[in-house]
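Structural features, examined
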Amino acid sequence: MDNMLASGVAQIDRWQEGMQQAFKSVPPGGTTISYLDKQFLVYPDTFWPFTDSQPLVRHFRIRPGESVLDVGTGSGVIAIFACYGGAGRVLAVDINPAALRSAAHNAAAHGFAQIMEVRESDLFGVVGAERFDVITANLPFRDKPAHDVVARSQWDTDFQTNTRFFREVGRCLKPNGRIYFAQSSFGAVAQIKALAKAAGLTLRALGDVTPDAARGKTFYAFMLKRSGRARAA
């Protein structure tokens, strides 16, 4: 994003503003979105299942019985695919009540209401002392002021949410656990790498997808683990 021309930034702004308006315009009863051959219901003000999370969902691995924490769950798609992957327990958290309503509906619709718990939380606020084998996160990609809870699904004012995530994630991750994290070519990739390093995490690219090469949008998935020094500490 740092190297993107002003015209490119303006184009991304318009595209994301259009998405936010679409999220707000969903009928009160919700609308159904098709995502990786499965159906998900979203209520108004919920970030839809979208291409941005596909590299993560296609490449993350959940071992049978593992515990998973999905931060910023939105409609619950990542958490639900973790259930399909064999997770024994999934906790899905979000700050947006509309997203939680969508995620809870989708967990039940896919038959995972007994495995997947949905809680309202600003990042790790209600997680308590529990630690997880896997933490997944599709946080807002861009350091840009967000004026409401819908905008917060795409924009992170002063990059506060991402900064807090990396500062606090270690207390919720088991010693040999791993993090799966989404980002984009128009997001703050360099800042994410710096935050991960400062948190004692190693970062490895897992996969990417470019649905719209003409507009320069590529979505990435990364896996992060504690470095050897951090584990020893």
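Conventions used here
Residues numbered from 1 in each chain as written. Predicted model: local features only at pLDDT ≥ 70, side-chain atom pairs only at ≥ 80, totals over all residues. Heavy atoms only, no water. Salt bridge = Lys/Arg side-chain N within 4 Å of Asp/Glu carboxyl O. Helix = DSSP H or I, 4+ residues; strand = E, 2+ residues; numbered from the N terminus. Buried < 20%, exposed > 50% of the residue type's maximum accessible area, 1.4 Å probe, protein only. Pairing = 2+ DSSP bridges. Axes fitted to C-alpha atoms, helices over the stretch in contact; angles between N-to-C directions. Contact = heavy atoms within 4.5 Å. Phe/Tyr/Trp six-rings, centres within 6.5 Å; stacked < 30°, edge-to-face > 60°. Lys NZ or Arg CZ within 6 Å of the ring centre and 35° of its normal. 1 Å grid on protein atoms, 1.4 Å probe; cavity = no way out; pocket = protein on both sides within 12 Å on 5 of 7 lines; lining within 4 Å. Points joined across faces, edges and corners; volume = space filled by probe spheres on them. Parallel < 35°, antiparallel > 145°, perpendicular 65-115°, else oblique. Left-handed = near helix turned anticlockwise from the far one by under 90°. Nonpolar A, V, L, I, M, F, W, Y, C, P; charged D, E, K, R; others polar.

1. Considerations on the pattern of salt bridges
Side-chain pairs of opposite charge can arise where the charged atoms are in close proximity. As enumerated under the stated definition, the model contains 11 salt bridges in all. Linking Asp13 and Lys144 is a salt bridge whose minimum nitrogen-to-oxygen distance equals 3.7 Å. Taken together, the residues span a long stretch of sequence, with Asp13 in helix 1 (residues 6-24) and Lys144 in the loop between strand 6 (132-137) and helix 5 (160-168) at a distance of 131 residues. By relative accessible area, which is 15% here, Asp13 ends up buried. Assessed through its relative accessible area of 18%, Lys144 is described here as buried. Across the salt bridge formed by Arg89 and Glu130, the nearest N and O atoms sit 2.8 Å from each other. With Arg89 in strand 4 (residues 89-94) and Glu130 in the loop between strand 5 (116-120) and strand 6, this pair connects stretches of sequence that are 41 residues apart. Of the residues examined, Arg89 reaches a relative accessible area of 23% and is grouped as partly exposed.

2. Quick look at the sheet that holds strand 8 (residues 201-212)
Read from one edge to the other, the open sheet built from 7 strands follows the order 5-4-3-6-7-9-8, with strand pairing classed as mixed. Each edge of the open sheet carries a strand with a single partner, namely strand 5 and strand 8. Taken over all neighbouring pairs, the strand axes of this sheet differ in orientation by 15° on average, direction set aside. Relative to strand 6, strand 3 (residues 67-71) is paired through 4 bridges, and the arrangement is parallel. Across the sheet, Val71 pairs through a bridge with Ala137, a residue of strand 6. Each of strand 3, strand 4, strand 5 and strand 6 touches helix 3 (residues 77-84); the most contacted strand, strand 4, lies at about 180° to it. Relative to strand 5, helix 4 (residues 97-109) is tilted by about 170°, and along the sheet it contacts strand 4 and strand 5.

3. A short note on the packing of aromatic side chains
Under the definition given, this model contains 19 aromatic pairs. With a centroid separation of 5.2 Å and 80° between ring planes, the pair formed by Phe165 and Phe166 is classed as edge-to-face. Of the two residues, Phe165 and Phe166, neither departs from the other in class, the shared state being buried. Members of the aromatic cluster, joined through ring pairs, are Trp15, Phe50, Phe141, Phe186 and Phe219. Here the guanidinium or amino end of Lys38 rests over the ring plane of Tyr84, the centre of that ring lying 4.2 Å away. Lying over the aromatic face of Trp155, Lys144 brings its terminal NZ or CZ to 4.7 Å of the ring centre.

4. Quick look at empty space enclosed by the protein
Summed over the entire model, instances satisfying the criterion amount to 1 cavity of 30 Å³ or more. One number sums up the size of the largest cavity: a volume of about 540 Å³. Lining the largest cavity are 37 residues, and of these Gly72, Asp94, Asn138, Pro140 and Ser153 lie nearest its centre. Those elements that place two or more of their residues in the lining of the largest cavity are helix 1, strand 3, helix 3 and strand 4.

5. A short note on the packing of helix 5 against helix 6 (residues 189-198)
Two numbers describe how helix 5 lies on helix 6: the axes approach to 9 Å, and their chain directions differ by 25°. Comparing their axes, helix 6 and helix 5 come out roughly parallel. When the axes of helix 5 and helix 6 are compared, the crossing they make is right-handed. Residues Asn162, Thr163 and Phe166 of helix 5 form the contact with helix 6, whose own contacting residues are Ile192, Leu195 and Ala196. Here the residues of the contact of helix 5 with helix 6 are counted per class, giving 4 nonpolar, 2 polar and no charged.

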